[in-house]
Amino acid sequence: MTNGLHVSPSFLEGWTISSPFRVRGASGGALPAGISLDPSSTSTLIVLTGSSSLANYETAIEQIRFSNSSQTPNTTARTITVNVRDTSNATSNTATATISVVSVNDAPTGGNRTVTTTEDTDFTFTTSDFPFSDADGDSLTRVRIDTLPADGTVLLSGVAVTAGQVITVTNITAGNLKFRPDTNENGSPYTTFTFSVGEASAFAASPSTMTVNVTAVNDVPTGGNHTVTTAEDTDFTFTTSDFPFSDVDGTTLARVRINTLPTDGTVLLSGVAVTAGQIITAANITAGNLKFRPDANENGSPYTTFSFSVGDATTFAASPSTMTVNVTPVNDVPTGGNRTVTTAEDIDFTFTTADFPFSDIDADPLARVRIDTLPTNGTVLLIVVAVTEGQII
């Protein structure tokens, strides 16, 4: 047999010279000596021509290949028929070969993803947060959490997920898969974890990375109750340390709101009575402009209270705090009064305590009398001895 080899498949699906048939000699290689690809070859007919040995034609036939490029091929068997002719144009019997194409499951592929939530707020995952593609046209059915985040927690129905745990799409669709950042933490990026998407039969060969950004929010500051002490009839000057303040964001005290007023005494700003709800800046407090003035001659422990809320530049504490004011008593000077007494000539007058008018807002009783000046006529006697100027009785 020297020429005229015909390969005629009875069923082909989109075959060409190179694909799904591939003839190596026609695509950059070399057919055996004396054999070439005839121009009459088509997508369903390969014609090799030329005078050559049987061994060379056998080699040429072995170079014909079937190649499938479809990810979802038709699995119907392909039949290839082969005829050879010699130089007298005599045709051989037909040799038949069958090619069976078996579909295999291709692993899906995933992709990295970034999601964003706000500080102290859970993020609920959806299936779109897990990029998925599959050459076989399969759908996402599950996600495997390969590694856990260094910060925050991945939760399934409120329970922390473990490394390697598989989450069904049903659970994701139901909103059961969440990420919870740690309290009062934020960052961009805040943390990462890895995952692998999967269909019913296989997971992606390479894991993907989920990046979580957590945007900061202003945390409400917290205050605290406080007690200050002043002396009776003495103003107390507040400082910022008299208004306890803490803020997880690291901000400082910017202002104080006086929520309610004391029932006794007066809170003053630069000498003017403060009103309920008035906001006092930290600058005014630092300058010594905020004071408490007890009512005259009053004291007590506690003496009175008022409520306040500390604030940063943006928000005030959610709960008000109480300022307790203690006023320590001081001894108030008593008051006396003029008095007139009458006696008969040459008769001594004997004084009683009632002859010395006395009042004391502290309710102290009369304890003593000082004779500041002496009379120009007559003598003041203590028992039978003349009293001297300044003597205390």
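About the thresholds
- Residues numbered from 1 in each chain as written.
- Predicted model: local features only at pLDDT ≥ 70, side-chain atom pairs only at ≥ 80, totals over all residues.
- Heavy atoms only, no water.
- Helix = DSSP H or I, 4+ residues; strand = E, 2+ residues; numbered from the N terminus.
- Buried < 20%, exposed > 50% of the residue type's maximum accessible area, 1.4 Å probe, protein only.
- Contact = heavy atoms within 4.5 Å.
- Areas by Shrake-Rupley, 256 points an atom, 1.4 Å probe, with all protein chains shown as cover.
- Pairing = 2+ DSSP bridges.
- Phe/Tyr/Trp six-rings, centres within 6.5 Å; stacked < 30°, edge-to-face > 60°.
- Lys NZ or Arg CZ within 6 Å of the ring centre and 35° of its normal.

Digging into the overall build of the chain
The helix and strand tally for the chain stands at 3 helices and 29 strands. Considering the chain as a whole, with its 393 residues, one finds that 33% of them fall into the buried category. Within the chain, contacts between residues separated by at least 24 positions form 63% of all contacts whose residues are at least 6 apart in sequence. Only carbon and sulfur atoms are counted for the fraction: they give 51% of the accessible area of the chain, which is about 21,300 Å².

Topic: the sheet that holds strand β23 (residues 290–293)
The sheet built from 4 strands is open, its strands ordered β18-β23-β20-β21 with antiparallel pairing. Lying at the two open borders of the sheet, with one neighbouring strand each, are β18 (236–237) and β21 (272–273). Of the pairings in the sheet, the one linking β18 to β23 comprises 2 bridges and is antiparallel in character. In the strand pairing of β23, T237 is matched with K291.

Considering the packing of aromatic side chains
Scanning the model with the defined rule gives 12 aromatic pairs in all. Centroid distance F125 to F130: 5.5 Å. Interplanar angle 45 degrees. Geometry classified as tilted. Geometrically, the ring pair formed by F125 and F193 is edge-to-face, given 6.1 Å between the ring centres and 90 degrees between the ring planes. Of this pair, F125 sits in the loop between β9 (123–124) and β10 (142–147) while F193 sits in strand β15 (residues 187–198); the two residues are 68 residues apart in sequence, bridging distant segments of the chain. This pair shows no difference in class: F125 is buried, exactly as F193 is. Among the aromatic residues, ring-to-ring pairing joins F123, F125, F130, F193 and F195 into one connected group. The ring of F203 has R144 sitting right over it, with the charged end atom 4.5 Å from the ring centre. In this structure, R257 packs its charged tip against the face of F316, placed 4.5 Å from the ring centre.

Quick look at unusual backbone geometry
In this structure, the amide linkage connecting S188 to the following residue, P189, adopts the cis form with an omega of 0 degrees. Relative to the elements of secondary structure, P189 occurs in strand β15. Residue P302 is reached from S301 by a cis peptide bond, and omega for that bond is 0 degrees. Tracing the backbone through its elements, the reader meets P302 in strand β24 (residues 300–311). Here the phi dihedral of N184 falls at roughly 60 degrees; this positive angle occurs in a residue that is not glycine. The class for N184 is partly exposed, based on a relative accessible area of 29%. If you check the backbone angles, D233 has positive phi at about 65 degrees while not being a glycine. Summarising the element assignment, D233 is placed in the loop between β17 (226–231) and β18.

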